[in-house]
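Analysis of the macromolecular model
Below, each chain spelled out in residue letters.
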There are 2 protein chains.
Amino acid sequence: LSELWKEWKRVAVKAMEMGRTDPRKIIFSAKMGLALMLISLLIFFKEPVEELSRYSVWAILTVVVVFEFSIGATLSKGFNRGLGTLSAGGLALGMAELCQLAGDWEEVVIVAGIFITGFFITYAKQYPAMKPYEYGFRVFLITYCFIMVSGYHTREFIQTAVSRFLLIALGAGVSLAVNICVYPIWAGEDLHNLVAKNFISVATSLEGCISEYLNCVEYKRIPSKILTYQAADNPVYNGYRSAVESTSQEEALVAFAIWEPPHGPYKMIRYPWKNYVKVSGALRYCAFMVMALHGCILSEIQAPAERRQVFRKELQRVSTAGAKVLREIGEKVKKMEKLGSMDILYEVHEAAEALQKKVDQKSYLFVNSENWEIGTRATVVDTPQEPGSLDDDRNSFLHHRSHSETVINIDSILNSKSWDNRTCNLSSNNQAAGLTPQNTVEKPKFRTTHSLPKDNEALKEVEEEEDDKVEVSKTYESASALSLATFTSLLIEFVARLQNVVDSFEELSEKAKFKEAVDLSEAS
Amino acid sequence: LSELWKEWKRVAVKAMEMGRTDPRKIIFSAKMGLALMLISLLIFFKEPVEELSRYSVWAILTVVVVFEFSIGATLSKGFNRGLGTLSAGGLALGMAELCQLAGDWEEVVIVAGIFITGFFITYAKQYPAMKPYEYGFRVFLITYCFIMVSGYHTREFIQTAVSRFLLIALGAGVSLAVNICVYPIWAGEDLHNLVAKNFISVATSLEGCISEYLNCVEYKRIPSKILTYQAADNPVYNGYRSAVESTSQEEALVAFAIWEPPHGPYKMIRYPWKNYVKVSGALRYCAFMVMALHGCILSEIQAPAERRQVFRKELQRVSTAGAKVLREIGEKVKKMEKLGSMDILYEVHEAAEALQKKVDQKSYLFVNSENWEIGTRATVVDTPQEPGSLDDDRNSFLHHRSHSETVINIDSILNSKSWDNRTCNLSSNNQAAGLTPQNTVEKPKFRTTHSLPKDNEALKEVEEEEDDKVEVSKTYESASALSLATFTSLLIEFVARLQNVVDSFEELSEKAKFKEAVDLSEAS
């Protein structure tokens, strides 16, 4: 029993928490209570009219069904309900006339009519373009059947139809009045905030991703929730996931928002709500890149920590600049401001170019020359890996210069290990604290080309064993280096996709007539 | 008017089409008509009971509201409705007693009660864990208010409550009977098929992606719908998008499926429907990689066509094997078969390893040596790009061997152009028809190392100009080569993620007790 009490307390605390984080939920509940109270008061007061109390259920039902969280939803449901009732009422009255003409066959005609109407209305509501009016079709069916059945008993088809319609109108009227007059909650505003929030989460996710990458965060065990794309506790993951997953929420909100009259800052008939969804879609397109970046962190194949540090400064810069752009646009969406005259992407493009240049200069870090078909050690000539292929001419070329220092030189230049250490020295001033210190130990500046490097010799020995495992591990090594290349490429692609976001934001800001940007110097 | 007629005809054709592609929609409509007909018949026949006709609306309403496409949805709504009505009825009867005790304050107590109930019920239904019962809360409110209001008039609280409940039970009973007995439509089956279908679409998308990549399909203008992640006409895009976007559909279906009793091939209490969603989530995690692969095709930065051909065979093999694995698992999901004793991933892992090896051997294709800080032409020594950095020792090293053939040799070996052409020759037998034929023209086998290649000279001239644009274009060139590395890495990561899909499929097949796989030799 004390368990039950504890459970109860836990739920109560959580429920309180819910109200604290979003007080609109409390307000909405109070509004609902108020609307119900009003409608029952109306029915009490109008007691003398017998009709009213008899059909009072319609008014109550309408209030409960139509009263939705946002005004757009309430309007759309109210409209659906009204239209459904009216048209069904019309059809039912027509059918009633027809039935009376049918004489003895009246019951048959009524029942057949109900079947046919049920069939066609249900079929029509499954038509994709009719989805927003699904509720209207339901109401249509209810009204039609109700008027036919109860009219048949009372023979008061018209009265039934009219009183039902009036009571529904009364219920809808009360709902709307309460919902609009008391602390209105607009779906459009929710959509607006959702889109702005998505920008912030993607920006945070991007920064988190790159800092995890540079700090070589390793997931000991990747949460299986991430692997099956379910909600998980990882903040980086949640950032982009929420942006990606908001599609259906946005769709629902935009469907309601277009019902809402001009209000607050959205003073415009036919406000371009769809453009908000478009902006969010363009952002999502960026978020997929962040997701792919995060995939590099989650992947089994990881670039060695030292090599990542080589690009630390540049990656960091792109990350900061990219996140800044996203935050800035998010802020502008929120404040409904146009972009300033300055190119918002300037800094991030510069940063990406710097990264690209660095990549260009250091791309030898991405590749292991050891396995190249060209320029490999002379041993290749003795035991060609791919006999039968068109290697002959190449081999003869290699033969020609085999054992010459040239080939060895390529090896030693490209030999990644030695270069790692060197470049780490170079970039040690950029290294964050907490990284393995052995990289910063002074090493011999460069090898003489005449002595084969130690690990090459080791490799030779290993090669003689011709073990499968070694091959795999070598392959893995090179994949691991390429993983860094992938990470940078994806990041650059991310930057490229920002253009897209800016474009769709500009379209939105034009169409929605955002205010001109305040000069930055003034603003700061 | 003829326009209107045309429009009408267009809609009619489309509506017919809808019925043809999914005949269940027609059947569902007919079932709905049947249920409505039955309920109105019942009400007609029982005419003598005045109560029934008076409250007939409840039965009709219940049928229209509860009768849903799938049985799970019908059951869940029916349960919600029943529970909501029962508990609200209980509360209302209790309140009615209380009100009568209140004497003169009766009206006040009633109205206050309605407000308080409205408030708490509305608040509770916003509690996230209560979302599946949202409809139940609505029904609770309607019932409570209705009994209070109409009971106040007629003083027949109990009778109102009981007759309402009976009629709702009648409506729900008719709905359920018709829905289950006549051509049942199960949400679980839909979920099952949806998951199996997702496998096929991702497989198709993967194949399409790689063949587009190898055939160097270029989008002249990327549809802005893809850029803003909206539904578009691109088949590759639609493949993975439908798998990614099915989240909400799956969630809805699983919520209904758990309501369904054991049936057909799902003979099991507590059937693990959630594991279908998990498998689909793991597949989605793969689909994100396909999406990233497609991103490489849509990207502005494109790898040169010739270099792609180098990897044609390997990419093709991974694509075929990967798609085969997906199709096979999709098929197994559909047939509810366990995986065989053979390692389903063997072939695709082999293919990925072959690709990785090739990448390893040819990784010089991913990089442009021209811009390397090491091994660049002697000109670097004259105009060091990064003065002030720790280049000194390197430069002295380069100086030492400047103008020697060694450095030139690196250049000519690594100079990508010449190698492109060569490797294209090598792989020309793999090339599909329809590719640019110029690549297959015989070229000089290899340059002599003493003559600087032509385009290096050209580059030299250009370098002298020291134009910003050139730098950009060079940077672009190297990025374009790296894009190929990215593509292959992403593909390999895709293969790595397949393990995940297999694992979650195995979990599903265990939990759902799939039948043992038929031996392949027997099956074929």
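By convention here, each chain's residues receive numbers from 1 onward along its written sequence. Whichever chain is written first becomes A and whichever ligand is written first becomes 1, with later ones labelled in order. Since the coordinates come from a predicted model, pLDDT governs what is reported: local features require at least 70, and pairs of side-chain atoms require 80 or more to be given and counted, while whole-chain, interface and lining totals use all residues. With hydrogens and water excluded, all non-hydrogen atoms of the structure serve as input to the side-chain values.

Numbering of helices and strands runs from the N terminus; a helix is a DSSP stretch of H or I covering at least four residues, while a strand is a stretch of E covering at least two. Within chain A one finds 23 helices and zero strands. Under the scheme applied here, a residue whose accessible area is under 20% of the maximum for its type counts as buried, over 50% as exposed, and between as partly exposed, the area being computed with a 1.4 Å probe on protein chains only. Looking at the 524 residues of chain A, the share that counts as buried comes to 55%. The long-range fraction of contacts in chain A, counting pairs at least 24 apart against all pairs at least 6 apart in sequence, stands at 80%. As displayed, chain A has an accessible area near 23500 Å², and 60% of this comes from carbon and sulfur atoms. What makes two residues a contact is simply this: any of their non-hydrogen atoms within 4.5 Å. Surface accessibility follows the Shrake-Rupley procedure with a 1.4 Å probe radius. Residue values consider only the protein chains on display as shielding.

Inspection of the secondary structure puts B:Ala92 in helix α5 (residues 71–102). Along the sequence, B:Ala92 and B:Phe140 sit 48 residues apart, while their C-alpha atoms lie 10.0 Å from each other.

This part takes up the packing of helix α7 (residues 134–154) of chain A against helix α4 (residues 56–66) of chain B. Axis lines are fitted to C-alpha atoms, over the contacting stretch for helices. Their N-to-C directions set the angle, which ranges from 0 to 180 degrees. Interhelical geometry of α7(A) versus α4(B) gives an angle of 150 degrees and a closest axis separation of 9 Å. With respect to each other, α7(A) and α4(B) are oriented roughly antiparallel. Classified by chirality, the crossing of α4(B) by α7(A) is right-handed. Between α7(A) and α4(B), the residues in contact are A:Arg138, A:Leu141, A:Ile142, A:Cys145, A:Phe146 and A:Val149 and B:Ser56, B:Val57, B:Ile60, B:Leu61, B:Val64 and B:Val65, respectively. Here the contact of α7(A) with α4(B) is built from residues that sort into ten nonpolar, one polar and one charged. Any angle from 65 to 115 degrees is called roughly perpendicular, while one under 35 is roughly parallel, one over 145 is roughly antiparallel, and all others are oblique. The crossing is said to be left-handed when, going from far helix to near helix, the turn is anticlockwise and less than a right angle, and right-handed when the turn is clockwise. We call Asp, Glu, Lys and Arg charged. Ala, Val, Leu, Ile, Met, Phe, Trp, Tyr, Cys and Pro are nonpolar, and the rest, Gly among them, are polar.

This part is about the environment of A:Glu189. Residue and element names in this part refer to chain A. Of note, Glu189 is situated in helix α9 (residues 187–214). With 76 residues separating them along the chain, Glu189 and Pro265 place their C-alpha atoms 9.3 Å apart. Not counting residues within four places of it along the chain, the set of residues in contact with Glu189 comprises Tyr266 and Trp273.

Looking now at the packing of aromatic side chains. Classification of ring pairs uses Phe, Tyr and Trp, with its six-membered ring standing for Trp, and accepts pairs whose centres are within 6.5 Å; under 30 degrees between planes counts as stacked, over 60 as edge-to-face, and the remaining range as tilted. Using the criterion set out here, one finds 33 aromatic pairs over all chains in the structure. Between A:Tyr229 and B:Phe288 the ring centres are 4.8 Å apart and the planes differ by 70 degrees, which places this aromatic pair in the edge-to-face class. Residue A:Tyr229 is located in the loop between α10 (224–227) and α11 (235–245), and its partner B:Phe288 is located in helix α13 (residues 273–298); the two belong to separate chains. Per residue, the accessibility class of A:Tyr229 equals that of B:Phe288, and both read buried. Site record: aromatic cluster; members linked through ring pairs are A:Tyr229, A:Tyr237, A:Tyr240, A:Phe288, B:Tyr229, B:Tyr237, B:Tyr240 and B:Phe288. Stacked on the ring of A:Trp58, the Lys or Arg A:Arg164 has its end atom at 4.0 Å from the ring centre. Only when the NZ atom of a Lys or the CZ atom of an Arg is both within 6 Å of the ring centre and within 35 degrees of the ring normal do we say a charge sits over the ring.

Once that is clear, we can look at the side chain of B:His192. Residue and element names in this part refer to chain B. Along the chain, His192 turns up in helix α9 (residues 187–214). Any pair of nitrogen or oxygen atoms within 3.5 Å is treated as a polar contact; in protein, a donor-acceptor pairing is required on top of that, and neighbouring residues in sequence qualify only through side-chain atoms on both sides. A polar atom in the side chain of His192 sits 2.8 Å from the side chain of Tyr266. Contacts of His192, omitting those with residues within four sequence positions, involve Tyr266, Tyr276, Val333, Lys334 and Met336.

The next subject is the nonpolar core. By nonpolar core we mean a set of buried residues, namely Ala, Val, Leu, Ile, Met, Phe, Trp, Tyr and Cys, connected to one another through side-chain atoms within 4.5 Å. Ranked by size, the top nonpolar core spans 167 residues in total, and within it A:Tyr276, A:Phe494 and B:Tyr276 carry the most contacts. Leave out the neighbours within four places in its chain, and A:Tyr276 touches A:Leu191, A:His192, A:Val195, A:Tyr266, A:Tyr271, A:Val333, A:Met336, A:Leu508 and A:Phe514. A:Ile60, B:Tyr55, B:Phe140 and B:Leu141 belong to the second largest nonpolar core, which has 95 residues in total.

The subject of this paragraph is a nonpolar patch on the surface. Patches draw on residues past 30% relative accessible area with no salt bridge. Two like charges within 9 Å are joined, as are two nonpolar side chains (Val, Leu, Ile, Met, Phe, Trp, Tyr) within 5 Å. Only one rule defines a salt bridge in this text: a Lys or Arg side-chain nitrogen within 4 Å of an Asp or Glu carboxyl oxygen. Side chains of A:Phe79, A:Leu83, A:Met130, A:Tyr133, A:Ile258 and A:Trp259 sit close together on the surface and give an oily, nonpolar patch of about 530 Å² of accessible area. Its place among the elements puts A:Tyr133 in the loop between α6 (106–125) and α7.

Looking now at unusual backbone geometry. With the exception of glycine, most residues fall at negative phi, and the peptide bonds are largely trans. One non-glycine residue, A:Tyr183, adopts positive backbone phi at about 40 degrees. Note on placement: A:Tyr183 falls in the loop between α8 (157–181) and α9. A positive phi angle, close to 50 degrees, is found at B:Lys513, a residue other than glycine. The topology assignment puts B:Lys513 in the loop between α22 (468–511) and α23 (520–523). For B:Lys513, a relative accessible area of 65% corresponds to the exposed category.

The next thing to look at is the confidence of the model for chain A. Residue and element names in this part refer to chain A. The predicted model of chain A averages 76 in pLDDT, with 74% of residues at 70 or higher. pLDDT runs from 0 to 100 and stands for how confident the predictor is about each residue. The lowest-confidence element of chain A is helix α17 (residues 379–382), averaging 34 in pLDDT; the highest-confidence one is α9, averaging 92. Note that residues 375–467 has pLDDT below 50 and, in this model, 137 contacts with residues that lie over four places away or in other chains. For this predicted complex, the interface confidence comes out at an ipTM of 0.74, alongside a pTM of 0.76.

What follows concerns helix α16 (residues 346–361) of chain A. Every helix has an expected span of 1.5 Å times one less than the residues it contains. Over its 16 residues, α16(A) runs 22 Å from end to end, which matches the ideal 22 Å to within 8%, given 1.5 Å per residue. Along α16(A), the residues classified as buried are A:Val348, A:Ala351, A:Ala352, A:Leu355, A:Gln356, A:Lys358, A:Val359, A:Asp360 and A:Gln361.

Here we take up α9(A). All names here are of chain A. Over its 28 residues, α9 extends 41 Å from the first C-alpha to the last, a length consistent with the 40 Å expected when each residue adds 1.5 Å. In terms of burial, α9 is largely enclosed, as 21 of its 28 residues are buried. One or two positions beyond α9, positive phi appears at Cys216, with a value near 50 degrees.

All names here are of chain A. Direction vectors running N to C along α9 and helix α15 (residues 312–335) enclose 170 degrees, while the axes themselves pass 8 Å from each other. Put simply, α9 runs roughly antiparallel to α15. Per-class residue counts for the contact of α9 with α15 are 15 nonpolar, seven polar and four charged.

The next thing to look at is the pattern of salt bridges. Applying the stated criterion to the full structure yields 36 salt bridges over all chains. With a shortest N-O distance of 3.4 Å, A:Glu507 and A:Lys511 are connected by a salt bridge. Of this pair, A:Glu507 and A:Lys511 both sit in helix α22 (residues 468–511), four residues apart, roughly one helical turn. A relative accessible area of 28% places A:Glu507 in the partly exposed class. Among the ionic contacts, a cluster of salt bridges with common partners joins A:Glu68, A:Lys77, B:Lys125, B:Glu134 and B:Arg138.

This part covers the side chain of B:Asn500. In this fold, B:Asn500 is placed in helix α22. Non-local contacts of B:Asn500, meaning those with residues more than four positions away in its chain, are made with A:Leu227, B:Ala282 and B:Tyr285.

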